[in-house]
Amino acid sequence: MQITRAFAYAVSEYFCVIMILLLLRSSLQIKRHNRQHYWFNVSLIIQAAYLFEDGTRTLLMNHILPSNEILVNFTSLCLAITLNILSYTTLMFVAYKIELPLAEDKRQNRIALGLPIAISIFDLVCALFAPNLIFSANEINAFTPFFSGLFLFLPISYSAFVFGVTAYNALINRKNGLGHYYLVLTFYPALMTVFGFIEVMLSTALPLYSYAVTFYFTFNFLYQLNSSIKEATIDSLTGLRNRENLKEYIDDIWKEGVSDQYYLFMIDMNGLKSVNDVYGHVEGDHAIRAIGQALDDVLQTGNDGIVCRYGGDEFLAVITVTDDKQADKLVQLTRERIGHYSRIDQLQSAPQVATGYIHLPKEKIPLADLLKQADSKMYAEKQAMKTGDRAANFFTDEITGLPNANYFHNFAGNFLKKLAKNNQHPLVILFNISGMHSYNDRFGYQGGDDLLRTVSRFLRDFFNQEDDVLVRYTEDNFVLLTCIPLSEAKQKTKAISEKVASIDSIGIKAGIYQTQDGKEDVIATVDMARRAMRLIGSDRQRVYCVYGPEVQAVYNRRDFVLINFKQALADGDIKPFFQPVIRSLTGQIRSFEALARWNDPKRGAIPPDQFIGILEEARLIHLLDLEIFRQVCQLQQSCQRMGLPIPVISVNISPVDFNSCDIVSEIEKIRTQYQIPSKYLKIEVLESVTTSAPDQLKEIIAQLHDLGYEIWMDDFGSGYSSLNNLKDFDFDLLKIDMGFLENFTENSQSKIIISEIVDMSKRLGIETLCEGIENRSQSDFLKEIGCQYQQGYLFAASMQPDELRQFLGKAGDQLEDISLSDYYSQIDRVNVLSNPTHSLAEQNSSLGENIDVPMAIVEKDGANISYLYFNHALKRVLEATGSNHRSLAEKIAQTPAVDKFLLEQMDRCQGKDRAISASYEAGGLEFKIRMRWLASQAKSSFVYIVTSEHYQE
Ligand code: C2E
Ligand code: CA
Ligand code: CA
């Protein structure tokens, strides 16, 4: 560069430095110091330093000042570093000026600062250890091309960013008079980069950059002075006017006498404090701005008037409005518009506002009175929100007055984070009121609401620590967030449950989850608590369950089942096993129950109670049931093809199936596909259906009956259905729940209950099967009272399909011949608990006539007699007639004359409905009998009773 021009260049820069320092001096005079002002001043200083360095470097490079290479390189390095710092300070200035999140967010701030520091360190290291990389020997431009790029990288990228946001703001604020404010800000980075670029790249000798920058700062300073005057009347956050303007405006319209064309609106944001507390002030400011923008859009557009921020969370507007109707419409539009802006600004939730408006009177009244009137209108609306309007009532539950789930979802996350920072890990407790549904049924919704209020009051009384957050979560669920220790929470929960239990058939259950760190999703924490609570099930003794490994194991299994079920089904890992059902009368196997078994290649056998319930809940159980049904039919078909007897098999069908598919036609499709007659298939459904879906069940039973299936009621007595509602359903068989046998002893109540069930069922024409038979005395008892069928480990556990086929191959007379089933069933209809010699109709009406009747059921096969049944009473009679201690069978066998006598009587009553009487007297034996024919099929069966003097006709 020419020496004189270089000199002029440097002097110009020094001149600019002086100008800027002067500016700085007067800027420092401004007393109202805030952050943006601070960054403005810092930027001024750095800008001055930069220009000074640049000027000096020019002088050094051109040897106008005594210099050497090291000195030039040193100044160059300083220059590069200063420029990096300048980029940062400028960014911060603008960030504060227009309130970018960057200004308050520490993390963003660190990144913005880290970059210039990193590059500056890199510059320094290069200068020290690899100067060739950055300094070229070229006199004109002391930087290598690489370093020129690096030199400009930061200013260009930061400026581009600043330019972008300010230009965008200028654009969206172009209407409200704030556009030019942003435009001014946009200028600076534009100037910096454009002129800086021209200078560095084209090596002009003119200090264009310094002029431009100095000019800008001067301008900006003046502009700031001006706007700080204006700032007194414009709200910096929303760009709306402030209260001073409003006063003037209203005074004006009163003076002009046009006040009656105007309405005064008061708008107040709900819950600004909680938003500030939970999300921080930036979010709160955004919410305020969204409201301001919305008001500006709606009220000011097309209406004559003024909108201002009155302070805090309150806005006032004086607008020409024709009538209340239009005013209402404007309020509505404003609400919608707020929603719109909060979506654009990505607010956590749309701010809610309460509004009130009044028609301005013609005569002037004090502003304070006007405001009071508007305020009381607004207050009325706020009250209405609390009690009525659900949609408007955003964070509060109107029944209990507690915060609601919406509140919880919005605020609890940050609350958890905050507590986690202090190393606090609160408990999330989910409370559920049990018995709420029936309470509603009995006392109506009004009563239900009262109950909710009562329970919420209890909860509030017990959990009233400062940090406790209690919300009504859904229907009859409350969620509590509390920092009290677990033991205390347990104890309080117990206490509450005792209090609640004093209310009519109402209980409370709680699931407790201890939060881990602040990172958890709040909804997930409630889910955990719910999982724990679910584990309590219907156990009325248990009040709470704490989420822990057991709960987790249950849910892991649940996940396992849900994820793997369909594949397992497809892979054939789920199969039916078969447990025999014995006919008490003959001891032969009458049928088999198909029980699902899941054998996972990795996990091994999974028992049905670990997947049936889960599949029911997931509404997948019909897939299992139908597959089991299919495999059952397939097995029966294979037996038929192998020439084996076809086993009669009962299949379990879940009540859930009724709603998941058209179960009847699905079953029927499978059965016809395998061509199995329906008499080989029995359907078991759980007792619970009789109460949960009675009408549907009746319908399905009817359909299945039409198709020839028998329907068995499973687990009778395990739930709440009574013998009484049996008559409403057309079941063919009752499976008596194995629970009745639990405490089976000689004199136990179970005997009475089971006898009653069998007696009643016989009268109703329903067969009975008792499950879970594990010992001989249970079995003998059941046979004695006439329970037709038995199932249990005493006879056999369940066997695999292959085992079943093998068994069928060699079963012989262990298996009941299906052609004789009707014959035996007919015999089995006799009610040995009443006088069996009466006709069935009479037995049914001779209630209570019992049972010390000595009786036996005998079968006649040609001239042979065999005993199917005899009871204890008969045994006693025979012993009393002096037969020593020999068994009845022996006595019969050793007394051929008795057989002859019985055969004669059988011939007398065979095929007849009425019973006959006869007496026997020979060889020291002496008795009378009454005999009735029961059934014939190749053989014939008869029941007889022995009548002594007491049993005379
Ligand atoms: P359930 O229908 O009441 O079946 C009887 C259960 O009692 C079977 O258990 C059986 O193995 C067991 N058991 C049999 N004899 C005795 C005994 O003498 N003592 C004792 N303590 N238990 C005995 P399992 O196979 O574990 O089945 C449990 C339940 O799973 C079944 O109860 C049934 O409700 C359900 N289930 C099984 N397979 C299916 C199916 O294919 N579909 C549906 N929907 N449910 C099924
Ligand atoms: Ca069953
Ligand atoms: Ca059962």
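The structure we're discussing is the one just above.
The paragraphs below set out a description of the structure included in this document. (Residues numbered from 1 in each chain as written. Chains lettered and ligands numbered in written order. Predicted model: local features only at pLDDT ≥ 70, side-chain atom pairs only at ≥ 80, totals over all residues. Heavy atoms only, no water.)

### Details of the overall build of the protein chain
Piece 1. A tally of helices and strands in the protein chain yields 33 helices and 23 strands.
Piece 2. The long-range fraction of contacts in the protein chain, counting pairs at least 24 apart against all pairs at least 6 apart in sequence, stands at 67%.
Piece 3. Carbon and sulfur atoms provide 54% of the accessible area of the protein chain, an area that totals close to 45800 Å². (Helix = DSSP H or I, 4+ residues; strand = E, 2+ residues; numbered from the N terminus. Contact = heavy atoms within 4.5 Å. Areas by Shrake-Rupley, 256 points an atom, 1.4 Å probe, with all protein chains shown as cover.)

### Some points on a nonpolar patch on the surface
Piece 1. Nonpolar side chains collect at one region of the surface, where Leu113, Ile117, Ile121, Leu124, Val125, Leu128 and Phe129 lie side by side and expose about 680 Å² of accessible area between them.
Piece 2. Relative to the elements of secondary structure, Leu124 occurs in helix H4 (residues 106–129).
Piece 3. Here Leu124 falls in the partly exposed class, since its relative accessible area comes to 39%. (Patch = residues over 30% accessible without salt bridge, like charges linked within 9 Å, V, L, I, M, F, W, Y side chains within 5 Å. Salt bridge = Lys/Arg side-chain N within 4 Å of Asp/Glu carboxyl O. Buried < 20%, exposed > 50% of the residue type's maximum accessible area, 1.4 Å probe, protein only.)

### Digging into the coordination of the calcium ion (ligand 2)
Piece 1. Protein coordination of the calcium ion (ligand 2) is provided by Glu593 (OE), Asn652 (OD1), Glu684 (OE) and Asp714 (OD), with donor distances spanning 2.1 to 2.3 Å.
Piece 2. The distance between the calcium ion (ligand 2) and the calcium ion (ligand 3) comes to 3.9 Å, and Asp714 binds to both of them. Highlighted residues: Glu684 in strand S14 (residues 681–686) and Asp714 in strand S15 (residues 710–716), separated in sequence by 30 residues. In this pair, the class of Glu684 matches that of Asp714, namely buried. (Donors = N, O, S within 2.8 Å, 3.2 Å for Na, K, Ca; no water.)

### Remarks on the coordination of the calcium ion (ligand 3)
Piece 1. The calcium ion (ligand 3) binds to the protein through Asp714 (OD), Asp715 (OD), Glu771 (OE) and Glu771 (OE); the donor distances cover 2.1 to 2.6 Å.
Piece 2. Each donor residue of the calcium ion (ligand 3) belongs to the same chain, and together they define the spacing D-D-x55-E.

### With respect to the side chain of Gln579
Piece 1. Looking at the secondary structure, you find Gln579 in strand S10 (residues 574–583).
Piece 2. A polar contact of 2.8 Å, which involves the side chain of Gln579, links it to the side chain of Gln791.
Piece 3. A polar atom in the side chain of Gln579 sits 3.1 Å from the backbone oxygen of Ala796.
Piece 4. With residues up to four places along the chain from it excluded, the contact list for Gln579 reads Ser591, Phe592, Glu593, Leu595, Gln791, Gly792, Tyr793, Ala796, Ala797 and Ser798. (Polar contact = N/O pair within 3.5 Å; in protein donor to acceptor, adjacent residues only side chain to side chain.)

### Structural notes on a negative patch on the surface
Piece 1. Taken together, the side chains of Glu244, Glu248, Asp252 and Glu256 present a region of like negative charge at the surface.
Piece 2. Topologically, Glu248 is positioned in helix H9 (residues 243–256). (Lys, Arg positive; Asp, Glu negative; His and termini not counted. Charge placed at Lys NZ, Arg CZ, Asp CG, Glu CD.)

### With respect to the site of ligand 1
Piece 1. In the vicinity of ligand 1 there are 21 residues, among which Gln579, Arg597, Asp625, Glu774 and Tyr793 approach most closely.
Piece 2. Between ligand 1 and Ala596, the relevant distance is 2.9 Å, taken from a nitrogen atom to a main-chain nitrogen or oxygen of the residue.
Piece 3. With the chains in place, 82% of the 790 Å² that ligand 1 exposes on its own is no longer accessible.
Piece 4. Of all the elements in the fold, those that place two or more residues in the shell around ligand 1 are strand S11 (589–600), helix H20 (621–641) and S15.
Piece 5. Here the shell around ligand 1 takes four residues from S11, the largest share from any one element. (Near = heavy atom within 4 Å.)

### So, helix H22 (residues 663–674)
Piece 1. The first and last C-alpha atoms of H22 sit 17 Å apart over 12 residues, in line with the 16 Å expected at 1.5 Å per residue.
Piece 2. Among all positions of H22, only Ile663, Val664, Ile667, Glu668, Ile670, Arg671 and Tyr674 are buried. For H22, the buried positions fall inside an angular range of 160° around the axis, keeping them on one side. Looking at H22, the residues exposed on the side facing more than 90 degrees away from the buried face are Lys669 and Gln673. (Expected span 1.5 Å × (residues − 1). Arc of directions from axis to C-beta.)

### Some thoughts on the sheet that holds strand S5 (residues 427–434)
Within a sheet, adjacent strands bond to each other through the backbone by hydrogen bonds, running parallel or antiparallel.
Piece 1. Taken in spatial order, the five strands of this open sheet run S6-S7-S5-S8-S9, and their pairing is mixed. The outermost strands of the open sheet, each flanked by one partner alone, are strand S6 (469–474) and strand S9 (544–546). Between one strand axis and the next, the sheet turns by 20° as a mean value, whatever way the strands run.
Piece 2. Summarising the sheet, S6 and strand S7 (residues 477–482) pair through five bridges and their orientation is antiparallel. Its bridge partner being in S7, Leu470 is matched across the sheet by Leu480. (Pairing = 2+ DSSP bridges. Axes fitted to C-alpha atoms, helices over the stretch in contact; angles between N-to-C directions.)

### Brief notes about the sheet that holds strand S4 (residues 353–359)
Piece 1. Read from one edge of the open sheet, four strands run S2-S3-S1-S4, paired in antiparallel fashion. The open sheet is flanked by strand S2 (305–311) and S4, the only strands paired with a single partner. Taken over all neighbouring pairs, the strand axes of this sheet differ in orientation by 15° on average, direction set aside.
Piece 2. Pairing of strand S1 (residues 262–269) with S4 involves seven bridges; the strand directions are antiparallel. Each bridged residue has a counterpart across the sheet, and for Tyr263 the counterpart in S4 is His359.

### A short note on the packing of helix H1 (residues 3–29) against helix H2 (residues 35–61)
Piece 1. In the contact formed by H1 and H2, the axes pass within 8 Å of each other and the chain directions differ by 160°. The angle between H1 and H2 falls in the class roughly antiparallel. Crossing hand, H1 versus H2: left-handed. (Parallel < 35°, antiparallel > 145°, perpendicular 65-115°, else oblique. Left-handed = near helix turned anticlockwise from the far one by under 90°.)

### Description of the pairing of strand S13 (residues 649–653)
On a regular strand, each side chain points to the face opposite its neighbour's, so the side chains alternate between the two faces of the sheet.
Piece 1. S13 sits mainly inside the fold: four of its five residues count as buried.
Piece 2. Note that S11 and S13 share three bridges and pair parallel. The partner of Ala594 across the bridge, within S13, is Val651.
Piece 3. Both S13 and S14 contribute to a ladder of five bridges, which runs parallel. Pairing of Val651 across the sheet is with Ile683, part of S14.

### A look at the packing of aromatic side chains
Piece 1. For the coordinates displayed, the defined rule picks out 21 aromatic pairs.
Piece 2. Taken together, a centroid distance of 6.2 Å and an interplanar angle of 75° make the contact between Tyr249 and Tyr262 edge-to-face. Taken together, the positions of Tyr249 in helix H9 and Tyr262 in strand S1 put the pair 13 residues apart, joining distant regions of the chain. An identical accessibility class is assigned to Tyr249 and Tyr262; each is buried.
Piece 3. Linked through ring pairs, Phe560, Phe565, Trp598 and Phe611 together constitute an aromatic cluster.
Piece 4. Lys377 extends its terminal NZ or CZ atom over the ring of Tyr357, reaching a point 5.2 Å from the ring centre. (Phe/Tyr/Trp six-rings, centres within 6.5 Å; stacked < 30°, edge-to-face > 60°. Lys NZ or Arg CZ within 6 Å of the ring centre and 35° of its normal.)

### Quick look at the side chain of Thr75
Piece 1. Tracing the sequence through the fold places Thr75 in helix H3 (residues 69–97).
Piece 2. Leaving out residues up to four positions away in the same chain, Thr75 has contacts with Glu53, Arg57 and Leu60.

### Some thoughts on the pattern of salt bridges
Opposite charge on two side chains lets them pair, provided their charged atoms get close.
Piece 1. Taken as a whole and judged by the stated rule, the model has 25 salt bridges.
Piece 2. A salt bridge links Asp260 to Lys362, with the shortest nitrogen-to-oxygen separation between them at 3.4 Å. Taken together, the residues Asp260 in the loop between H9 and S1 and Lys362 in the loop between S4 and helix H13 (367–387) connect sequence positions 102 residues apart.
Piece 3. Here Lys362 falls in the partly exposed class, since its relative accessible area comes to 49%.
Piece 4. Put simply, Asp907 and Lys860 hold a salt bridge, and the shortest N to O gap is 3.8 Å. Here Lys860 lies in strand S19 (residues 855–861) and Asp907 lies in helix H33 (residues 896–909), a separation of 47 residues in the sequence.
Piece 5. Judged by its relative accessible area of 16%, Lys860 falls in the buried class.

### What to know about the pairing of S11
Piece 1. Within S11, nine of the 12 residues are buried, which leaves the element mostly enclosed by the surrounding structure.
Piece 2. In the sheet, S10 pairs with S11 via nine bridges, with the strands oriented antiparallel. Within S11, the residue paired with Phe577 across the bridge is Leu595.
Piece 3. Turn length for the S10-S11 hairpin, with the two strands adjacent in sequence and antiparallel, is five residues, and the turn residue Gly587 shows positive phi of about 75°.
Piece 4. The sheet contact formed by S11 and strand S12 (residues 604–606) spans three bridges and is antiparallel. Within S12, the residue paired with Asp600 across the bridge is Gly604.
Piece 5. Hairpin connection of S11 to S12: three residues between the antiparallel strands.

### Considerations on the nonpolar core
Piece 1. With 81 residues, the main nonpolar core has Phe592 and Leu624 as its most contacted residues.
Piece 2. Sorting elements by how many residues they give to this core places H20 first, with nine residues.
Piece 3. Within the second largest apolar cluster, 58 residues are counted, among which are Leu24, Leu154, Leu191 and Val213. (Core = buried A, V, L, I, M, F, W, Y, C linked by side-chain atoms within 4.5 Å.)

### A look at H20
Piece 1. Under the 1.5 Å per step criterion, the end-to-end length of H20 is 30 Å for 21 residues, consistent within 8% with the ideal 30 Å.
Piece 2. Counting buried residues along H20, 16 of its 21 residues qualify, which places the element largely inside the surrounding structure.
Piece 3. The positive-phi residue at the C-terminal boundary of H20 is Gly643, with phi of around 80°.

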